[in-house]
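# Summary of structural features
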Amino acid sequence: MLRRILSLIAIASTLVAMPATAADLKVISAGAVRGLLAQIIEDYTRQTGQKFDFTIGTTGQLRNIIATGQHADLIIASAPLMGELEKTGKMMPGSRADLGRVGIGVTVREGAAVPNVSTPDALKNALIAARSVAYTDPAEGGTSGIYFNNLADKFGIGDAVRKKAVLTKGGREAAIEVAEGRAELAIVFMSESAAVKGVKLAGPLPGPLQDYSVYAAAIPASSTDAAAARAFIAALTSPAMAERWRANGFEPPTR
């Protein structure tokens, strides 16, 4: 208990040390962490005065946004994209922090019957039986959408799934399609399902089929407020935030 209290005091000291008149911290971020960040930012801004200017997108969308040279003080992206960025030499050495990993799950509308998705065969049958399936359009470069599209092909039902697909720009939008009754199932990151009201998780993809994505934060060398970016990374990775990450479908990152 004493250790937890000391960790909370330490992070609180970091937060209040920031100037209340800080300029907006410009963040380019993956959509998979959007729901959790919205919760954290509300508390963080109230405690520190720090405000944010977010650009959100899929991995493919972020890759294109960053390529245009759009300014960012902080980038939160999937580990593969972060690795690409680090190889360019345009990220601040030593600034990267892995935040957590999240798997893909099957989402249904609140109150609807929950299909069995506990085994590969059960998942395949649920996809065949579903009238419609929402997921991120693979053309948008979304990790979960690309993975699911390939998985449907491996099941031998790719064409059938695509005929009843409800394609969206991101996973949150796919979950909203289910919440509002325009799709029966959504295949999205579990963090995106947790961020949408009116839906519930039918279950994660079964173990042999699960695909985890690690998300990381790092500071571009061109950041104009690296100190504020470091403070926010410290908040995101603090022990005090661990339960929030778990509640939003994330697990500690593993190598």
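Attention here is on the structure that accompanies the text.

Here is what the cut-offs are and how they apply
- Every residue gets a number counted from 1 within its own chain, in the order that chain's sequence is written.
- The model is predicted, so local features are restricted to residues of pLDDT at least 70 and side-chain atom pairs to those at 80 or more, both for listing and for counting; the totals for chains, interfaces and linings are taken over all residues.
- The basis for every side-chain value is the complete set of heavy atoms in the structure, and neither hydrogens nor water enter the calculation.
- Here a helix means four or more residues in a row that DSSP labels H or I, a strand means two or more in a row labelled E, and each is numbered from the N terminus.
- Here the globule rule reads 2.2 Å times residues to the power 0.38, and the radius of gyration is calculated from C-alpha atoms.
- Burial classes follow relative accessibility: with a 1.4 Å probe on protein chains only, a residue under 20% of its type's maximum area counts as buried, one over 50% as exposed, and anything between as partly exposed.
- By the convention used here, residues are in contact when the closest approach between their heavy atoms is within 4.5 Å.
- Only the protein chains shown count as cover for residues, and all accessible areas are computed by the Shrake-Rupley method using a 1.4 Å probe.
- Note that His is not counted, nor are the chain ends; the positive residues are Lys and Arg, and the negative ones are Asp and Glu.
- Lysine's charge is taken at NZ, arginine's at CZ, aspartate's at CG and glutamate's at CD.
- In this description, a line fitted to the C-alpha atoms serves as the axis of each element, helices being fitted only across the stretch in contact, and the angle between N-to-C directions of two axes falls anywhere from 0 to 180 degrees.
- An angle counts as roughly parallel when it lies under 35 degrees, as roughly antiparallel when it exceeds 145, as roughly perpendicular when it falls between 65 and 115, and as oblique in every other case.
- Under the grouping applied here, Gly and all other residues not named as nonpolar or charged are polar, the nonpolar ones being Ala, Val, Leu, Ile, Met, Phe, Trp, Tyr, Cys and Pro and the charged ones Asp, Glu, Lys and Arg.
- We define a salt bridge as a contact between a side-chain nitrogen of Lys or Arg and a carboxyl oxygen of Asp or Glu at a distance within 4 Å.
- Stacked, edge-to-face and tilted are the three classes for Phe, Tyr and Trp ring pairs, Trp counted by its six-membered ring, which pair at centre distances within 6.5 Å; planes under 30 degrees apart are stacked, over 60 edge-to-face, the rest tilted.
- For a ring to carry a charge above it, either NZ of a lysine or CZ of an arginine must fall within 6 Å of the ring centroid while also lying within 35 degrees of the normal to the ring plane.
- Two strands are said to pair when DSSP picks up at least two bridges between them.

Attention now moves to the overall build of the protein chain. Secondary structure assignment for the protein chain yields 11 helices and 11 strands. Rg of the C-alpha trace for the protein chain: 19 Å, near the compact-globule value of 18 Å for 255 residues, within the 12% margin. Projected onto its principal axes, the C-alpha coordinates of the protein chain cover approximately 55 × 45 × 35 Å. Within the protein chain, buried positions represent 51% of all 255 residues. Intrachain contacts of the protein chain at a sequence separation of at least 6 include 79% that bridge at least 24 residues. Accessible area of the protein chain: about 12,000 Å², with a carbon and sulfur share of 55%. Here the protein chain holds 27 positive side-chain charges and 23 negative ones, and the gap between their average locations is 2 Å.

Quick look at the packing of helix α5 (residues 120-129) against helix α6 (residues 143-155) now. At a minimum axis distance of 11 Å, the contact between α5 and α6 shows a crossing angle of 100°. When the axes of α5 and α6 are compared, the pair comes out roughly perpendicular. Note on element contacts: α6 touches α5 through Phe 148, Leu 151 and Phe 155, opposite Pro 120, Leu 123, Lys 124 and Leu 127. Its residues assigned to classes, the contact of α5 with α6 comprises 6 nonpolar, no polar and 1 charged.

A side chain of one charge can pair with a side chain of the opposite charge when the charged atoms of the two come close. Inspection of every chain in the model, using the stated rule, returns 15 salt bridges. In this structure, Arg 96 engages Glu 86 in a salt bridge whose closest nitrogen and oxygen atoms are separated by 3.0 Å. On the criterion of sequence distance, the pair formed by Arg 96 in the loop between α4 (79-87) and β4 (97-102) and Glu 86 in helix α4 is long-range, its members being 10 residues apart. The class of Glu 86 is partly exposed, set by a relative accessible area of 35%. Beyond isolated ion pairs, a larger network of salt bridges with shared partners links Asp 43, Arg 46 and Arg 244.

What follows deals with the packing of aromatic side chains. Scanning the model with the defined rule gives 8 aromatic pairs in all. Judged by centre distance (5.0 Å) and plane angle (85°), the rings of Trp 245 and Phe 250 are edge-to-face. There is no split in this pair, since Trp 245 and Phe 250 are both buried. Linked through ring pairs, Tyr 44, Phe 52, Phe 54 and Phe 232 together constitute an aromatic cluster. For the cation-ring pair, Arg 101 lies above Tyr 212, with the distance from its terminal atom to the ring centre recorded as 3.7 Å.

What follows covers the pairing of strand β3 (residues 74-78). Counting buried positions along β3 gives 5 out of 5 residues, so the element sits mostly inside the fold. Judged from the 3 bridges that link them, strand β1 (residues 25-30) and β3 form a sheet pairing that is parallel. Looking at the pairing, Val 27 lines up with Leu 74 of β3. As paired elements, β3 and strand β10 (residues 213-218) share 4 bridges and run antiparallel to each other. In the sheet register, Ser 78 faces β10, and the bridge partner there is Tyr 215.

The next subject is the sheet that holds β4. Backbone-to-backbone hydrogen bonds join strands into a sheet, with any given pair of strands oriented parallel or antiparallel. A sheet is described by the order of its strands in space; here 6 strands give the open sequence β2-β1-β3-β10-β4-β11, paired in mixed fashion. Each of the sheet's edge strands pairs with one partner strand only, and the pair in question is β2 (52-57) and β11 (250-251). In the packing of helix α3 (residues 59-67) onto the sheet, contacts are made with β1, β2 and β3, and the angle to β2 comes to roughly 125°.

Right, let's talk about the side chain of Ser 29 for a bit. Residue position: Ser 29 is located in strand β1. With sequence-adjacent residues up to four places away left out, Ser 29 is seen in contact with Leu 37, Phe 54, Thr 55, Ile 56, Gly 57, Leu 62 and Ile 76.

Moving on to the environment of Gly 207. If you trace the backbone, Gly 207 turns up in the loop between β9 (199-204) and β10. Taking relative accessible area as the criterion, Gly 207 reaches 62% and is therefore assigned exposed. Here the alpha-carbon distance between Gly 207 and Ile 157, two residues 50 residues apart in the chain, equals 20 Å.

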